[in-house]
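Overview (structure and organization)
The primary structure of each chain is shown beneath.
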Amino acid sequence: MNELRKRLKEVNRIFGTPTYVYKGGRIREKARTLRDAIPYFPTKVLYAMKANSNPEILKILKEEGVGVDAVSPGEVALGLRHDFFVLFTGNNVTDDEMDFVAEKGVMINIDSLSALERFGSRHCGKDVSIRINPDVGAGHHSHCITGGPESKFGIWHSQLDEALEIAKRNCLRIKGIHQHIGSQILETDKFLLAMDVLLKEAHRFPDLEFVNFGGGLGVPYNPEDRKLPVKRLGRMMSDKFLKFSHNYGKPVTMMIEPGRYLIADSGWLLVTVNTVKRNPDGRVFAGVDSGFNHLLRPAMYGSYHPIENVSNPKGKKEEVDIVGNICESGDRFAQERKISRVREGDVLAIGMAGAYGFSMSSHYNLRAKPAEVLMEKNYFSLIRKRESIYDVI
Ligand SMILES: *Cc1c(COP(=O)(O)O)cnc(C)c1O
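Report follows, based on the coordinates.

1. Digging into the overall build of the protein
- Across its full length, the protein holds 12 helices and 18 strands.
- Here the protein has a C-alpha radius of gyration of 23 Å; the compact-globule value for 393 residues is 21 Å, and the two agree.
- Here the C-alpha coordinates of the protein stretch approximately 70 × 45 × 45 Å along the principal axes.
- Residues classed as buried in the protein amount to 55% of the 393 residues present.
- For the protein, contacts bridging at least 24 residues in sequence account for 71% of all contacts bridging at least 6.
- Here the protein displays about 17,800 Å² of accessible surface, and carbon together with sulfur accounts for 50% of that area.

2. Some words on the site of the ligand
- If you check the shell around the ligand, you find 16 residues, and the closest are Lys50, Ser183, Gly216, Glu257 and Tyr356.
- Interatomic distance of 2.6 Å between a side-chain N/O atom of Glu257 and a nitrogen atom of the ligand.
- Gly259 is positioned such that a nitrogen or oxygen atom in its backbone is 3.0 Å from an oxygen atom of the ligand.
- Within the shell around the ligand, the residues separate by chemical class into 4 nonpolar, 7 polar and 5 charged.

3. Section: the pattern of salt bridges
- The final tally for this structure, using the stated rule, is 30 salt bridges.
- Among the salt bridges present, the one from Arg35 reaches Glu64, with a minimum N-O distance of 3.8 Å. Taken together, the positions of Arg35 in helix 2 (residues 24-37) and Glu64 in the loop between helix 3 (55-63) and strand 3 (67-70) put the pair 29 residues apart, joining distant regions of the chain.
- Of the residues examined, Glu64 reaches a relative accessible area of 8% and is grouped as buried.
- A salt bridge links Glu165 to Arg169; the nearest nitrogen and oxygen atoms lie 3.1 Å apart. Of the two residues, Glu165 and Arg169 both sit in helix 7 (residues 160-169), 4 residues apart, roughly one turn of that helix.
- Relative accessible area serves as the criterion here: at 41%, Glu165 is assigned to the partly exposed category.
- Residues joined in a network through salt bridges with shared partners are Arg26, Glu29, Lys30 and Asp265.

4. Quick notes on the nonpolar core
- Ranked by size, the top nonpolar core spans 101 residues in total, and within it Tyr47, Ile130, Ile177, Val211, Phe213, Phe241 and Ile322 carry the most contacts.
- No other element matches the 7 residues that helix 8 (residues 188-202) contributes to this core.
- Leaving out residues up to four positions away in the same chain, Ile322 has contacts with Ala286, Val288, Ile307, Arg332, Phe333, Ala334, Ile339 and Leu348.
- Val11, Val21, Val373 and Phe380 belong to the second-largest nonpolar core, a separate cluster that totals 12 residues.

5. Quick word on the packing of aromatic side chains
- Throughout the structure, instances matching the rule amount to 7 aromatic pairs.
- When the centroid spacing of 5.8 Å and the interplanar angle of 90° are considered together, the rings of Phe213 and Phe241 count as edge-to-face. A residue pair is termed long-range when its members are at least 10 positions apart, and Phe213 in the loop between strand 9 (210-212) and helix 9 (230-248) and Phe241 in helix 9 qualify at 28 residues. Take Phe213 and Phe241: they sit in the same class, and that class is buried.
- A ring pair is formed by Phe292 and Tyr364, whose centres lie 5.8 Å apart and whose planes are at 10°; its orientation type is stacked. Taken together, the residues span a long stretch of sequence, with Phe292 in the loop between strand 12 (284-288) and helix 11 (297-301) and Tyr364 in the loop between strand 16 (347-350) and strand 17 (371-375) at a distance of 72 residues.
- Relative accessible area serves as the criterion here: at 14%, Phe292 is assigned to the buried category.
- A network of ring pairs unites the aromatic residues Tyr40, Phe213, Phe241, Phe244 and Tyr248 as a single cluster.

Each value, and the rule that gives it
Residues numbered from 1 in each chain as written. Predicted model: local features only at pLDDT ≥ 70, side-chain atom pairs only at ≥ 80, totals over all residues. Heavy atoms only, no water. Helix = DSSP H or I, 4+ residues; strand = E, 2+ residues; numbered from the N terminus. Rg over C-alpha atoms; globule rule 2.2 N^0.38 Å. Buried < 20%, exposed > 50% of the residue type's maximum accessible area, 1.4 Å probe, protein only. Contact = heavy atoms within 4.5 Å. Areas by Shrake-Rupley, 256 points an atom, 1.4 Å probe, with all protein chains shown as cover. Near = heavy atom within 4 Å. Polar contact = N/O pair within 3.5 Å; in protein donor to acceptor, adjacent residues only side chain to side chain. Nonpolar A, V, L, I, M, F, W, Y, C, P; charged D, E, K, R; others polar. Salt bridge = Lys/Arg side-chain N within 4 Å of Asp/Glu carboxyl O. Core = buried A, V, L, I, M, F, W, Y, C linked by side-chain atoms within 4.5 Å. Phe/Tyr/Trp six-rings, centres within 6.5 Å; stacked < 30°, edge-to-face > 60°.

Printed below as a string of structure tokens:
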């Protein structure tokens, strides 16, 4: 931590704040850990690039041999620019968007009967994948699964006969089936349960080249969170898939689409405290030069992010509300957080900010987006320039 703190302070000295900092070595390590955890061959890991689509981050993951899961034409275009294998999982896509993706030669993962019909009528004879909503909303797992009756995603599992019929009528070959059961999952049984459901349906599709189990692999944001046992999960998924592939009669590629797992713990948002407000009731507000326009997760999901005062690590601990500069009272990174005494000018490092940080940032309040810096063993590199307000207006 000491070494890291020193380097983060160095980033602040060179680039200032607010700045996202990513540790390249950690991204590589995560990609390798995941690859080594899954013995089944062939397995393809698609990086869900909506988690963080900085081109320099993409380059690192490209070197690690992953493909990408793209969820918009913009992501498809960026993925192709960097020579990735791309699978497009769209949701409520227009005909134009489908045409765009098809013309690029990218396979589309279709998530409604309507889209399947429309795609088929325009692109007869193409290969497609379909996203299935498995009815695993029942039982004690329901709250963690983005399937089930309230989810807008996927073709409802009991409508697969219709999907097959539409595909046949339009000479579409269903080469893949897909599901994405949820996010930030820390227990292996959720994945394995959902796998069973999809694999049971898989036998109805004679042309499969892959089965894609989506992303959702969780990371411990809070030191009290448990850690997903990736090794065990990889082994159990492989065992299950090997059995399936054997029964299916030909080798099928297993795919997964992690976003958060690969990048969350490689990133920090560095911010500077500019205003400390000590109210008579004892509440302390540490106001910083950033806000939910840069890191939305605490405001949007109530998410926990670890925060360290890198300028005063040995200071006496106190309870502080760490708040931003946006005109909304929900603009808070942490409430009543025990942290080393904050002084104006101190730099705070908000951890676990690599995924769904910069990629969810906005210009709300007409504030500029932060810089992004890649931290390698022997150098720092600015991988996105800080915006000025004139870029925004
Ligand atoms: C967001 C998304 C993912 C990745 O989710 P994580 O929780 O970041 O792993 C994977 N697949 C699809 C289709 C997604 O939309």
